[in-house]
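Residue-level structure breakdown
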Amino acid sequence: MNHAIDNSVRKIGDREFHKLSSFIEQEVGIKLPPVKRTLLESRLQKRLKSLSIPDFGEYCDFVFNTDEGALEVIEMIDAVTTNKTDFMRESAHFEFMVHTALPELMKNKSEIKLWSAACSSGQEPYNMAMFMEEFIERTHRVDYSITATDISKSSLVKARRAVYQMRDIEIVSEQFKKKYFLRSRNPESSEIRIKPDIRNKVFFQPINLMKEDYGLNVKFDIVFCRNVLIYFNKENQSEVIRRILNHMNSGAYLFLGHSESLAGMRQNLRSVGASVYRKE
Ligand SMILES: C[S@@+](CC[C@H](N)C(=O)[O-])C[C@H]1O[C@@H](n2cnc3c(N)ncnc32)[C@H](O)[C@@H]1O
């Protein structure tokens, strides 16, 4: 494509907004009602610019009517997902995991399988591993592994790299910083990295929670699916929970984000704490 490109903002028309928002909701669940029009428009600016596409009409043509469109969908999804996450986010959940869920599960298990079902750039699953290590240190040896999945390709790249900024771990205790993070050898650098023994416990893979088959042949004991369902409508939330439940052992724990709830959903789950559920 050889269009003269300026740096002005491309405006999204009604037809294009409708086409793109319906497609995104159907593919990945993220709802984009008309009030989110400016958000979609601004998040896709960089896609149009990097493809040198002058307007949203041509962008839709490219996405929906060309062979390369399928690859662009991956980039588009990357651009529209909100990947905000933090170490120690909603930390009461980690306390609940260590003090309530694990002692309960350990009554009849010697191996624990965990899943971070929208792991973003990795802070959540690495935190899960750190708290598993704390549990092991304080109580007894247990084998565990953590599956960490997300739809965002660029988030998974960051997560696998496990390199963060010093400011990202300001919230983390000094004890955790020493035990689980490595400073760069370069004293000028503000980067830190998760230590290999924690990294080696977490296995990342792409999974779209909206797909019927997640391709997982594991059943989990602890599932974190936090701060992703808020972007979905009720029906899709319910479908995602149903599919996640198929991958949970009975007695397994499900942690949702603090602003998410299963109110009104008829699922095989009992509330056992703040945004914590147990499969019956
Ligand atoms: C706000 S982040 C939450 C990260 C982490 N769970 C937390 O609570 O800090 C939401 C994540 O959900 C992912 N996501 C959105 N739609 C998804 C889908 N259909 N399947 C899998 N992941 C999805 C996004 O890519 C993003 O990384």
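The rules behind the values
Residues numbered from 1 in each chain as written. Predicted model: local features only at pLDDT ≥ 70, side-chain atom pairs only at ≥ 80, totals over all residues. UniProt positions renumbered as here; feature names shortened; annotations may be inferred. Domains from an automatic or database assignment. Contact = placed C-beta atoms within 7 Å. Helix = DSSP H or I, 4+ residues; strand = E, 2+ residues; numbered from the N terminus. Nonpolar A, V, L, I, M, F, W, Y, C, P; charged D, E, K, R; others polar. Buried ≥ 20, exposed ≤ 12 C-beta atoms within 10 Å, placed from the backbone. Arc of directions from axis to C-beta. Near = placed C-beta within 6 Å. Expected span 1.5 Å × (residues − 1). Core = buried A, V, L, I, M, F, W, Y, C linked by C-beta atoms within 7 Å. Axes fitted to C-alpha atoms, helices over the stretch in contact; angles between N-to-C directions. Pairing = 2+ DSSP bridges.

Looking up the protein chain in an unreviewed UniProt entry gives the name protein-glutamate O-methyltransferase, with the organism given as Candidatus Thalassospirochaeta sargassi. Recorded under Catalytic activity (unreviewed entry), the UniProt text for the protein chain is reproduced unchanged: "L-glutamyl-[protein] + S-adenosyl-L-methionine = [protein]-L-glutamate 5-O-methyl ester + S-adenosyl-L-homocysteine".

Attention shifts here to the domain arrangement of the protein chain. Taken as a whole, the protein chain is organised into domain 1 (14-80) and domain 2 (92-279). With eight residues of domain 1 in contact, the opposing surface of domain 2 contributes 11 residues. Secondary structure elements with two or more residues in the side of domain 1 that touches domain 2: α1 (14-28) and α4 (69-80). Class assignment of the residues belonging to the side of domain 1 that touches domain 2 gives a composition of four nonpolar, one polar and three charged.

Burial in helix α3 (residues 56-65) covers these residues: F56, Y59, C60 and V63. All buried residues of α3 project into a common sector of 100° when viewed along the axis, lining one side. Packed against the buried residues of α3 are α1, α2 (37-51) and α4.

The UniProt record annotates "domain: CheR-type methyltransferase" (unreviewed entry) at residues 12-280. With 43% helix and 20% strand, residues 12-280 has its two end C-alpha atoms placed 47 Å apart.

The ligand sits among 24 residues. The nearest are T81, T85, A118, S120 and S152. Looking at the shell around the ligand, you find at least three residues from each of domain 1 (14-80) and domain 2 (92-279).

Take α1 next. A rise of 1.5 Å per residue sets the reference length of α1, with its 15 residues, at 21 Å; its end C-alpha atoms lie 21 Å apart and thus fit the reference within 8%. For α1, the set of buried residues is E16, F17, L20, S21, I24 and V28. An end-on view of α1 places all buried positions within 115° of arc, on one side of the element. In α1, the exposed residues that point more than 90 degrees away from the buried face are D14, R15, S22 and Q26. The inward-facing, buried residues of α1 abut α2, α3 and α4. Once α1 ends, the next one or two residues include G29, with phi positive near 90°.

What follows concerns the nonpolar core. Grouped together as the largest cluster of nonpolar side chains are 49 residues, with contacts concentrated most on A117, A129, I222, V223, C225 and L254. With sequence-adjacent residues up to four places away left out, A129 is seen in contact with I146, I198, K201 and V202. Core analysis: the second largest hydrophobic core is formed by 18 residues, V28, L32, M76 and I151 among them.

It is the contact of α3 with α4, at a shortest axis distance of 6 Å, that shows an interaxial angle of 115°. Across from F62, V63, F64 and N65 in α3, the residues of α4 making contact are G69, E72, V73 and M76. Classifying every residue of the contact of α3 with α4 gives five nonpolar, two polar and one charged.

This brings us to the environment of S121. Mapped onto the elements of the fold, S121 is located in the loop between β1 (111-116) and α6 (123-138). Overall, S121 belongs to the buried group, with 24 C-beta atoms counted inside 10 Å. Taking the C-alpha atoms as reference points, S121 and A162, separated by 41 residues in sequence, lie 8.1 Å from one another.

Another point: the sheet that holds strand β6 (residues 202-206). Strands sit in the order β6-β2-β1-β7-β8-β10-β9 across an open sheet of seven strands; the sheet is mixed. At either margin of the open sheet sits one strand with a lone partner, and together these are β6 and β9 (269-273). Within the sheet, the average angular offset between the axes of one strand and its neighbour, ignoring direction, is 20°. Seen against the sheet, helix α5 (residues 92-105) touches β1, β7 (220-225), β8 (248-256), β9 and β10 (276-279) and runs at an angle of roughly 165° to β7.

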